[in-house]
Amino acid sequence: MKGYKVITLTTFLIESQAEFPYAKGELTRLLYHVMVAAKMVNKKVNKAGLVDIIGEAGEVNVQGEDQKKLDVFANDQFIAALRSSGECCGIASEENQEIITFDDDLSRDGNYIFCMDPLDGSSNIDVNVSIGTIFSIYRRISPRGERAVLDDFLQPGTKQVAAGYIIYGSSTMLVYTTGRGVFGFTLDPSIGEFCLSHHDIKTPEDGTIYSINEGNAHEFPEGIKKYVAYCKDIDKPTHRPYSARYIGSLVSDFHRNLLKGGIFLYPHTEKNPEGKLRLLYECNPIAFLAEQAGGKASTGSHRIMEIKPHSLHQRVSIITGSLHMVEKAEAFIKEQEPIKLN
Ligand SMILES: O=P(O)(O)OC[C@H]1O[C@](O)(COP(=O)(O)O)[C@@H](O)[C@@H]1O
Ligand SMILES: [Mg+2]
Ligand SMILES: [Mg+2]
């Protein structure tokens, strides 16, 4: 039987580390523990209907959302794995109001902080639609050995040393970047290993898929309304109308568009005047991956990764995906901006 060349994520992490002469293996160990937590969550997700992981946890999180049992389970798994890595001195999580820091000396000496959306696409958990985990890693700015502080987390996305997501779908994949391209690993259940399946992913500069929740269309800013209308126009030479695809899990919508070409938009609306998605653990990691794959990520007018965060759970508008499609959407938004008179 024709097999495939097995390059496991563990091997890949170790070999990539060799490219950094001064590396001490700290980031490798941290990413290794992310992989371990992903496997734990994957095991639960795969049998979500059979085990007691469906439904509400009975708590409301800092976002005012009802926490799902799987939100809490994933949060706990990642916190435990990151702690035992000894490389992580603090965590910002969608499910926790404040930053999580550790008392043990080993973790306090950790050089990295971790921002995470432990379970993305919560509204899809109970209906067997793909969901994910999103993460972003920074070097701390506070001194090693001390407790991590809020400022360690309020760094612009350009300071990320690594970012990625795990998608729990028809297969389970871990996709990440350390600023040297984007790589995808698929979990092979028969050997329990994430194996390299997508080398140096590049997203097409143009695509024919647009992803936006049109249920909010009446609240879209004018520029977004115009861009969505443009996507629906009939114009053969430019392959329009584009196809509308919206899963409602950021990870899954982004992943599809990353591979096929496309654009994902979640603009600000009356309901969410700042936008819905969170800068630290949804938009910044997605933006880093998009840019590393040759795509783009903006608020419509500003590069997401240049935003200086002011709070842990800050929300922003996001437009991300294929380069030319994002530029087109930005042009429609610019057109609608009031002309500034000097
Ligand atoms: O239901 P809406 O308003 O379209 O929002 C869907 C978006 O909200 C999210 O579910 C928010 O993430 P969480 O599930 O992690 O809270 C995104 O995954 C998704 O893109
Ligand atoms: Mg999310
Ligand atoms: Mg979430």
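Analysis parameters
- Residues numbered from 1 in each chain as written.
- Chains lettered and ligands numbered in written order.
- Predicted model: local features only at pLDDT ≥ 70, side-chain atom pairs only at ≥ 80, totals over all residues.
- Heavy atoms only, no water.
- Pairing = 2+ DSSP bridges.
- Helix = DSSP H or I, 4+ residues; strand = E, 2+ residues; numbered from the N terminus.
- Contact = heavy atoms within 4.5 Å.
- Axes fitted to C-alpha atoms, helices over the stretch in contact; angles between N-to-C directions.
- Phe/Tyr/Trp six-rings, centres within 6.5 Å; stacked < 30°, edge-to-face > 60°.
- Buried < 20%, exposed > 50% of the residue type's maximum accessible area, 1.4 Å probe, protein only.
- Polar contact = N/O pair within 3.5 Å; in protein donor to acceptor, adjacent residues only side chain to side chain.
- Near = heavy atom within 4 Å.
- Areas by Shrake-Rupley, 256 points an atom, 1.4 Å probe, with all protein chains shown as cover.
- Nonpolar A, V, L, I, M, F, W, Y, C, P; charged D, E, K, R; others polar.
- Domains from an automatic or database assignment.
- Donors = N, O, S within 2.8 Å, 3.2 Å for Na, K, Ca; no water.
- Arc of directions from axis to C-beta.
- UniProt positions renumbered as here; feature names shortened; annotations may be inferred.

Asker: Teacher, can you tell me more about the sheet that holds strand β17 (residues 318-321) here?
Answerer: Adjacent strands of a sheet pair through backbone hydrogen bonds, lying either parallel or antiparallel. With mixed pairing, 5 strands are arranged side by side in an open sheet as β12-β11-β13-β17-β15. The open sheet terminates on both sides in strands that have one partner only, identified here as β12 (243-244) and β15 (296-298). Here strand β13 (residues 263-266) pairs with β17 via 4 bridges, running antiparallel. Within the sheet, the bridge partner assigned to isoleucine 263 lies in β17 and is glycine 321. Where helix α7 (residues 279-292) meets the sheet, it contacts β15 and β17, and its direction lies at approximately 30° from that of β17.

Asker: So what exactly am I meant to see when it comes to the packing of aromatic side chains here?
Answerer: Aromatic rings considered in pairs are described by the distance between their centres and by the relative angle of their planes. Considering all chains together, one arrives at 10 aromatic pairs under this definition. Between the aromatic rings of phenylalanine 114 and phenylalanine 135, the centroid separation amounts to 5.6 Å while the plane-to-plane angle is 10°, which identifies the pairing as stacked. On the criterion of sequence distance, the pair formed by phenylalanine 114 in strand β5 (residues 112-120) and phenylalanine 135 in strand β6 (residues 131-139) is long-range, its members being 21 residues apart. Using a relative accessible area of 0% as the deciding quantity, one classes phenylalanine 114 as buried. Every member of this aromatic cluster is reached through a ring pair, and the members are Phe12, Tyr176, Phe183 and Phe185.

Asker: Would you mind going over the side chain of serine 249 with me for this structure?
Answerer: Locating serine 249 in the fold gives a position in the loop between β12 and α6 (250-260). Polar side-chain contacts of serine 249 include one of 2.8 Å to the side chain of asparagine 124. Discounting chain neighbours no more than four positions away, the residues touching serine 249 are Asp120, Gly121, Asn124, Ser130 and Ile131.

Asker: Explain the site of ligand 1 to me, please; I cannot follow it from the model alone.
Answerer: Taken together, the neighbourhood of ligand 1 is formed by 18 residues, with Asp120, Asn213, Tyr246, Leu250 and Tyr266 sitting nearest. At a separation of 2.9 Å, an oxygen atom of ligand 1 approaches a polar side-chain atom of lysine 276. Here an oxygen atom of ligand 1 and a side-chain polar atom of glutamate 282 are 3.0 Å apart. Expressed as a share of its isolated accessible area of 470 Å², the protein-covered part of ligand 1 is 88%. Where the shell around ligand 1 is concerned, the elements lending two or more residues are β5, β13 and β14 (277-278). For the shell around ligand 1, the leading source of residues is β5, giving 3 residues. Here the shell around ligand 1 is composed, by residue class, of 6 nonpolar, 5 polar and 7 charged. Residues from two domains meet in the shell around ligand 1; each of domain 1 (9-198) and domain 2 (209-335) gives at least three.

Asker: For this particular structure, what's the right way to read the environment of lysine 276?
Answerer: Its place among the elements puts lysine 276 in the loop between β13 and β14. On the accessibility criterion, lysine 276 (32% relative accessible area) is partly exposed. Counting along the chain gives 220 residues from lysine 276 to glutamate 56, while the straight-line C-alpha distance between them is 21 Å. Apart from residues no more than four positions distant in its own chain, lysine 276 is found in contact with Tyr266, Arg315 and Val316.

Asker: Honestly, the coordination of the magnesium ion (ligand 2) in this entry has me stumped. Any pointers?
Answerer: Six octahedral donors around a metal ideally sit at 90 or 180 degrees from one another, while four tetrahedral donors ideally sit at 109.5 degrees. The coordination sphere of the magnesium ion (ligand 2), as far as protein atoms go, consists of Asp117 (OD), Asp120 (OD) and Glu282 (OE), spread over 1.9 to 2.1 Å. Summarised as a motif, the one-chain spacing of the donors to the magnesium ion (ligand 2) is D-x2-D-x161-E. A gap of 3.7 Å separates the magnesium ion (ligand 2) and the magnesium ion (ligand 3), which aspartate 117 links by coordinating each metal. The two residues aspartate 117 and aspartate 120 agree in class, both being buried.

Asker: For this particular structure, what's the right way to read helix α1 (residues 9-17)?
Answerer: The α-helix advances 3.6 residues per turn, and as a result positions three or four apart in sequence lie on the same side. Restricting attention to buried positions, one finds in α1 the residues Leu9, Phe12, Leu13 and Ser16. All buried residues of α1 fall inside an arc of 100° around its axis, so they share one side. Residues of α1 that are buried make contact with α2 (26-46), β8 (172-177), β9 (182-188) and β10 (193-198).

Asker: Hey, could you run me through the UniProt feature "binding site: substrate" (unreviewed entry) in the chain in this one?
Answerer: The sites that UniProt annotates as "binding site: substrate" (unreviewed entry) are Asp120, Gly121, Ser122, Ser123, Asn213, Tyr246 and Lys276. Topologically, glycine 121 is positioned in the loop between β5 and β6. Once you skip the residues sitting within four places of it in the chain, glycine 121 turns out to touch Ile131, Gly248 and Ser249.

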